[in-house]
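# Topology and contacts: notes
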Amino acid sequence: MCIRDRVKDHRGLDILKGVSLDIKRGEILGIAGVQGNGQVELAEAIVGIRKVYRGRIIFKGIDITSKKPIERYRLGLSYIPDSRSVGLVYGMNLLENYVLTKIREYTNKLGFINWSRVKQDLVKSVEEYNIVTRSLETDVRFLSGGNQQKILLARELSKKPDLLIVSEPTHGLDIVSTNFVRRKLLEYKESGRSILLISTDFDEIFELSDRIAVINEGKIVYVG
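Residues numbered from 1 in each chain as written. Predicted model: local features only at pLDDT ≥ 70, side-chain atom pairs only at ≥ 80, totals over all residues. Heavy atoms only, no water.

## Concerning the nonpolar core
Counting 34 residues, the largest nonpolar core has Leu 122, Leu 185 and Ile 195 as the members making the most contacts within it. If you list the elements that add at least two residues to this core, you get strand E3 (28–32), helix H4 (94–99), helix H6 (115–128), helix H7 (145–157), strand E7 (163–167), helix H8 (175–190), strand E8 (194–199) and helix H9 (202–208). The element contributing the most residues to this core is H7, with five residues. Residues within four places of Leu 185 in sequence aside, it is in contact with Ile 28, Leu 153, Leu 164, Val 166, Pro 169, Ile 195 and Leu 208. Core analysis: the next-biggest nonpolar cluster, separate from the first, contains 24 residues, Val 19, Ala 43, Val 52 and Ala 213 among them. (Core = buried A, V, L, I, M, F, W, Y, C linked by side-chain atoms within 4.5 Å. Buried < 20%, exposed > 50% of the residue type's maximum accessible area, 1.4 Å probe, protein only. Helix = DSSP H or I, 4+ residues; strand = E, 2+ residues; numbered from the N terminus. Contact = heavy atoms within 4.5 Å.)

## Observations regarding the packing of aromatic side chains
Tallied over the full model, the rule gives one aromatic pair. Taking 6.1 Å as the distance between ring centres and 65° as the angle between the ring planes, the aromatic pair formed by Tyr 129 and Phe 180 counts as edge-to-face. A residue pair is termed long-range when its members are at least 10 positions apart, and Tyr 129 in the loop between H6 and H7 and Phe 180 in helix H8 qualify at 51 residues. The ring of Tyr 98 has Lys 102 lying over it, and the distance from NZ or CZ to the ring centre is 3.9 Å. (Phe/Tyr/Trp six-rings, centres within 6.5 Å; stacked < 30°, edge-to-face > 60°. Lys NZ or Arg CZ within 6 Å of the ring centre and 35° of its normal.)

## Notes on the sheet that holds E8
A sheet is described by the order of its strands in space; here six strands give the open sequence E6-E7-E8-E3-E9-E10, paired in mixed fashion. Each end of this open sheet is capped by a strand with a single partner; those strands are strand E6 (77–80) and strand E10 (219–223). Within the sheet, the average angular offset between the axes of one strand and its neighbour, ignoring direction, is 20°. Here strand E9 (residues 211–216) runs beside E10; their pairing, made up of four bridges, is antiparallel. Residue pairing across strands places Ile 215 opposite Ile 220, the latter belonging to E10. Strands in contact with helix H1 (residues 39–47) are E3, E6, E7, E8 and E9; relative to E6, the strand with the most contacts, it is inclined by about 150°. (Pairing = 2+ DSSP bridges. Axes fitted to C-alpha atoms, helices over the stretch in contact; angles between N-to-C directions.)

## Points about the pattern of salt bridges
Per the stated rule, a full pass over the model turns up 13 salt bridges. Among the salt bridges present, the one from Asp 201 reaches Arg 182, with a minimum N-O distance of 3.2 Å. On the criterion of sequence distance, the pair formed by Asp 201 in the loop between E8 and H9 and Arg 182 in helix H8 is long-range, its members being 19 residues apart. Asp 201 sits in the partly exposed class, given a relative accessible area of 28%. Assessed through its relative accessible area of 9%, Arg 182 is described here as buried. Residue Asp 210 is joined to Lys 189 by a salt bridge in which the shortest nitrogen-to-oxygen separation is 3.4 Å. Residue Asp 210 is located in the loop between H9 and E9, and its partner Lys 189 is located in helix H8; the two are separated by 21 residues in the primary sequence. (Salt bridge = Lys/Arg side-chain N within 4 Å of Asp/Glu carboxyl O.)

Structure representation (structure tokens):
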């Protein structure tokens with residue numbers, strides 16, 4: 001993926017000032033910096049939530065700058081935001097949250113969701129990701145932060161995206177959940193796919209990243 005962009009914040013001011021990045025296949029590129037320097041806006045611009053008013057985003061040789069988020073997802077992008085309350089709908093259960101960003105995969109020609117197949121896949125993910133829950137129909141708000149994060153990770157990685165954008169993946173988690181999430185990210189990278197890791201935890205950045213880009217005041221000031 002190649003990124004060359006300028007993005008405005010909610011006040012109409014430049015928050016990303018000509019960010020230039022290349023993400024290689026099979027690597028974790030870590031974005032390091034103090035919170036509030038454009039990290040969230042960078043992720044939102046890549047997935048299409050925030051408009052790029054100058055520059056381009058190239059993914060798999062395709063200019064996706066003007067494409068809608070759903071089109072970018074279909075091309076192989078996936079996103080885990082920095083807040084679980086954004087990535088999950090707390091008033092929905094595990095089944096509903098699991099299908100949230102991949103409804104098309106489970107929908108038949110008549111437009112009905114095959115809940116039986118959703119349940120089968122979720123059962124496998126619950127086992128693989130060690131998700132502790134009383135029932136698949138439990139609202140995610142009743143899960144611990146670690147289990148909520150595992151649901152997010154299971155949902156997005158099950159789509160096998162070519163590029164996963166993940167922001168603050170272990171924020172607020174206990175040490176066991178933190179180690180589990182980091183291990184899963186490394187395993188996914190080792191499968192030959194790419195991860196853009198955004199984190200204010202410098203230990204996490206150094207532990208997981210193949211390369212590190214430092215962002216400051218909306219600019220990439222160092223890559224290495």
